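Now for the letters of each chain:
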Number of protein chains: 2
Amino acid sequence: MMIKIAVDVMGGDYAPQEIIKGIEKARDTYNNLEFNLFGSVEKMKSLIQNMERLNLIQADSVITMEDEPVRAVRRKKNSSLVLAAQSVKESKSDVFLSAGNSGAVLAAGIFVIGRIKGIDRPALTTTLPVVNEKQEHDFFTMLDVGANADTKLANLSQFAILGSFYGKYMNHLQNPRIGLLNNGTEFDKGDQLHKQAYEALNNLDEINFIGNVESRELLNGAADIVVTDGFTGNAALKAIEGTALSMLHLIKYEIKQSVLAQMGYLFERNAFHRVGQKMNYQKYGGAVLLGVQKPVIKIHGSSKAETVFYGIKQAKEVVESKLVEKTIDFFTKK
Amino acid sequence: MMIKIAVDVMGGDYAPQEIIKGIEKARDTYNNLEFNLFGSVEKMKSLIQNMERLNLIQADSVITMEDEPVRAVRRKKNSSLVLAAQSVKESKSDVFLSAGNSGAVLAAGIFVIGRIKGIDRPALTTTLPVVNEKQEHDFFTMLDVGANADTKLANLSQFAILGSFYGKYMNHLQNPRIGLLNNGTEFDKGDQLHKQAYEALNNLDEINFIGNVESRELLNGAADIVVTDGFTGNAALKAIEGTALSMLHLIKYEIKQSVLAQMGYLFERNAFHRVGQKMNYQKYGGAVLLGVQKPVIKIHGSSKAETVFYGIKQAKEVVESKLVEKTIDFFTKK
């Protein structure tokens, strides 16, 4: 079966060039992908090498990073972002992918594609590598990492179920271990919200709740799925990203300070390369918006072709996994 | 003037041995320190090399990690932790230091030593290195990193003032840049609490508020003083610590995988050593509990002699800076 991917080709810092490059690489890699590409047809044509399995659809406007998200989605009906989302809504495409304005992608997911009945607030889901020495677990998935600033108890329970489905169908885990991000591991830790959330998750029969986890242990694989409110999840995710980058920069800087160390680096290039590879969370794709009626993938605004490629790979896997259909089934029967 | 430091010698994973070692090192390094040591006199005597400037005071019990903090502080009146705090309360010592049960150290700060009038909730304050290449800033200080799970607007304003004083008197900054940890840098970012906090800090004449900062930019020196609620601050701090540790382990692990890389490491040892030194936040001491009537220093439960030494150095500096007296003055005049 062909998988149809709707791409907002005009969104992102390096759009449309790098978006097109990533798309062509994915098309050449996987023979079951077909693309509906939304943007300036003229610009797209000038960049595309080979039209195989690419349909170009004209979009007359672009939602920029400066646009107020909700208003832009309501008003710029002919933007590449809204038209791509619309195509998924109308089942002309199976999955929507964008590197554009994050708030607008969320808004298009919620207002154009629509929430799943039973889900009050969709969540952004990100996968990060586990980097401990034992290598028992490869990666972990965290949600919400920023779709919601204000989070209520019911949201956290829904995130836990959405995350558990993600663990089963996307990460292929038999019985994903669900942890609650908290300020200590004991059951009575946290602010009011997280104390209540512990109780609620502990009483959810549908998930394998393993208790509270601390952000210090995330990269050690403390849980397969980390449930968190969007404000704290955003802070933890950005702290991890910032620290990993700072460490790599610092190590390179210190090595440059000495000729001897530079010589040493020649011997170590492979080791550093592997560290870089392992910390390179590009390959895990972008953030998946869970809780809406069709799959939505938000890749980073600064995505280049490689990241676009991995985002598309993830989009393909989300469709193949039937994650969203299974989630809808569950909430319909409930 | 002699500075008198009250130490809970029985608190911490490596107490009393490593606590005593750190104390003796500090005593031998600084000639203006005198110590009131609380614990089992018999055990302390068997470990101490030289009694110079050390007073031993018998404490018949110990607050353990398993004790419920508030109850333990109320009931174990003759514990090393409570007696040390009491000695500061009664002005027999100038500063209280412990590696014991964190919650109990907080409770002793609040209930034995007492809050400063005008401060509703004290805050835990931690200093971390800035690791960007420009090296314009050496470190930044963040509060609250976990004294409070539930934080209100008024608390954040008070933290900003406490932090600003810390920047001036402990970090010797003319005009410390105060940032609010938030999920984006724009003024309208955040949940309800943080949107209101932006407004409140922006209207505080006493501080140099530079706006919102994201956790991704903390190690880049985005602000000198980072104001945050205790729940988010705890998550960001632990994410930074965990990621830094994981990265160092991963690099060492990958280097061990290859003989060539191990050879390279010989040339690079100094560079790695400097990275380790820079990321070694031990030298910044422990967490200072701000907002109570006398200085309180909480060092990590796993502290060995080196960390104890730096905690004592910090205790000395807090007393010398007259930070607490200046904070009390400010809130009294207000």
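Here is what the cut-offs are and how they apply
- Think of each chain on its own: its residues are numbered from 1, step by step along the sequence as written.
- Think of it this way: whatever chain is written first is A, whatever ligand is written first is 1, and the rest follow in order.
- Reporting in this predicted model follows two pLDDT cut-offs: at least 70 for local features of residues, and 80 or more for side-chain atom pairs to be given and counted; totals over whole chains, interfaces and linings ignore these cut-offs and use all residues.
- Each side-chain value is derived from all of the structure's non-hydrogen atoms; neither hydrogens nor water enter the calculation.
- For helices the rule is a DSSP run of H or I covering at least 4 residues; for strands it is a run of E covering at least 2, with both sets numbered from the N terminus onward.
- Relative accessible area decides the class of each residue, using a 1.4 Å probe on protein chains only: under 20% of the type maximum gives buried, over 50% gives exposed, and in between gives partly exposed.
- To be clear on the numbers: accessible area is Shrake-Rupley with a 1.4 Å probe, and residue cover counts the displayed protein chains and nothing else.
- We count Lys and Arg on the positive side and Asp and Glu on the negative side, and we leave His and both chain ends out.
- A charged residue contributes its charge at one atom only: NZ of Lys, CZ of Arg, CG of Asp or CD of Glu.
- Expected span, for any helix, means 1.5 Å times one less than how many residues it has.
- Two strands are said to pair when DSSP picks up at least two bridges between them.
- A crossover gets the label right-handed when its path from the first strand over the helix to the second runs clockwise, viewed with the strands pointing away from the viewer.
- Pairing of aromatic side chains requires ring centres within 6.5 Å, counting the rings of Phe and Tyr and the six-membered ring of Trp. Pairs whose planes differ by under 30 degrees are stacked, by over 60 edge-to-face, and all others tilted.
- A positively charged side chain is recorded as over a ring if its NZ (Lys) or CZ (Arg) lies within 6 Å of the ring centre. The angle to the ring normal must also be within 35 degrees.
- Salt bridges are identified by distance alone: a Lys or Arg side-chain nitrogen within 4 Å of an Asp or Glu carboxyl oxygen.
- Values of pLDDT, which run from 0 to 100, indicate the predictor's confidence residue by residue.
- Polar contacts here mean pairs of N or O atoms no more than 3.5 Å apart (in protein, one a potential hydrogen donor and the other a potential acceptor; neighbouring residues in sequence count only if both atoms are side-chain atoms).
- Contacts: residue pairs with any heavy atoms within 4.5 Å of one another.
- A fitted line through C-alpha atoms serves as each axis, taken over the contacting stretch for helices, and the angle formed by two N-to-C directions is quoted from 0 to 180°.

Caption draft 1: Quick look at the overall build of chain A. A tally of helices and strands in chain A yields eleven helices and eleven strands. Principal-axis analysis of the C-alpha atoms places the extent of chain A at approximately 65 × 55 × 40 Å. By the burial criterion, 58% of the 334 residues in chain A qualify as buried. Of the roughly 14,000 Å² of accessible surface on chain A, a fraction of 48% belongs to carbon and sulfur atoms. The average position of the 40 basic charges and that of the 38 acidic charges among the side chains of chain A differ by 4 Å.

Caption draft 2: Focus on helix α6 (residues 153-170) of chain B. Residue and element names in this part refer to chain B. With 18 residues, α6 extends 25 Å between its outermost C-alpha atoms, agreeing within 8% with the 26 Å of an ideal straight helix rising 1.5 Å per residue. Within α6, 14 of the 18 residues are buried, which leaves the element mostly enclosed by the surrounding structure. Positive backbone phi, at 55 degrees, marks H172, one or two positions downstream of α6.

Caption draft 3: A look at the pairing of strand β1 (residues 3-8) of chain B. All names here are of chain B. By the criterion of burial, β1 is predominantly enclosed, with five of the six residues buried. Judged from the six bridges that link them, β1 and strand β2 (residues 33-39) form a sheet pairing that is parallel. Bridge assignment links K4 to a residue of β2, and that residue is E34. Between the parallel elements β1 and β2, the chain passes through helix α1 (residues 17-29) in a crossover that is right-handed. Across four bridges, the pairing between β1 and strand β4 (residues 95-98) is parallel. Opposite V7, over in β4, you have L97 as the bridge partner.

Caption draft 4: Region of interest: the packing of aromatic side chains. Taken as a whole and judged by the stated rule, the model has 16 aromatic pairs over all chains. On the numbers, 6.1 Å between centres and 10 degrees between planes, the contact of Y30 of chain B with F309 of chain B is stacked. In this pair, Y30 of chain B is assigned in the loop between α1 and β2 and F309 of chain B in helix α10 (residues 305-321), connecting sequence segments 279 residues apart. In this pair, the class of Y30 of chain B matches that of F309 of chain B, namely buried. Three or more aromatic residues joined by ring pairs form one cluster here, namely F165, Y169, F330 and F331 of chain A. Taking the ring centre of Y14 of chain A as reference, the NZ or CZ of K304 of chain A above it sits at 4.6 Å. Stacked on the ring of F309 of chain B, the Lys or Arg K25 of chain B has its end atom at 4.4 Å from the ring centre.

Caption draft 5: Structural context of the pattern of salt bridges. For the structure on display, the rule yields 24 salt bridges over all chains. Here R216 of chain B makes a salt bridge to E241 of chain A, at a shortest N to O gap of 2.4 Å. One end of the pair, R216 of chain B, is in the loop between β8 (208-213) and β9 (225-227); the other, E241 of chain A, is in helix α8 (residues 230-256), on a second chain. Put simply, E24 of chain B and R27 of chain B hold a salt bridge, and the shortest N to O gap is 2.8 Å.

Caption draft 6: Inspection of the confidence of the model for chain A at higher detail. With 93% of its residues at a pLDDT of 70 or more, chain A shows a mean pLDDT of 93. ipTM for the predicted complex: 0.89, alongside a pTM of 0.91.

Caption draft 7: Quick look at the side chain of S303 of chain B. Residue and element names in this part refer to chain B. Structurally, S303 is set in the loop between β11 (296-298) and α10. Taking relative accessible area as the criterion, S303 reaches 2% and is therefore assigned buried. Within the structure, S303 has its side chain in polar contact with the backbone oxygen of H300 (distance 2.5 Å). In this structure, S303 is in contact with Y14, E18 and V308, ignoring residues within four places of it in sequence.

Caption draft 8: View of the sheet that holds β2 of chain B. Residues and elements named next belong to chain B. Spatial strand order, β3-β2-β1-β4-β11-β10-β5-β6-β9-β7-β8: eleven strands in an open sheet with mixed pairing. Each end of this open sheet is capped by a strand with a single partner; those strands are β3 (54-58) and β8. Each neighbouring strand pair of the sheet contributes to a mean axis angle of 25 degrees, computed without reference to strand direction. Along the sheet, α6 makes contact with β5 (123-129), β6 (139-143), β7 (177-181), β9 and β10 (287-290), crossing β9 at roughly 170 degrees.

Caption draft 9: Spotlight on the sheet that holds strand β2 (residues 33-39) of chain A. All names here are of chain A. Here we have eleven strands laid out as an open sheet, ordered β3-β2-β1-β4-β11-β10-β5-β6-β9-β7-β8, and mixed in their pairing. With partners counted over all chains shown, the strands left at the sheet margins are β3 (54-58) and β8 (208-213), one partner each. Put simply, the sheet's adjacent strands are angled 25 degrees from each other on average, direction ignored. Running at roughly 165 degrees to β2, helix α1 (residues 17-29) makes contact with β1 (3-8), β2 and β3 of the sheet.

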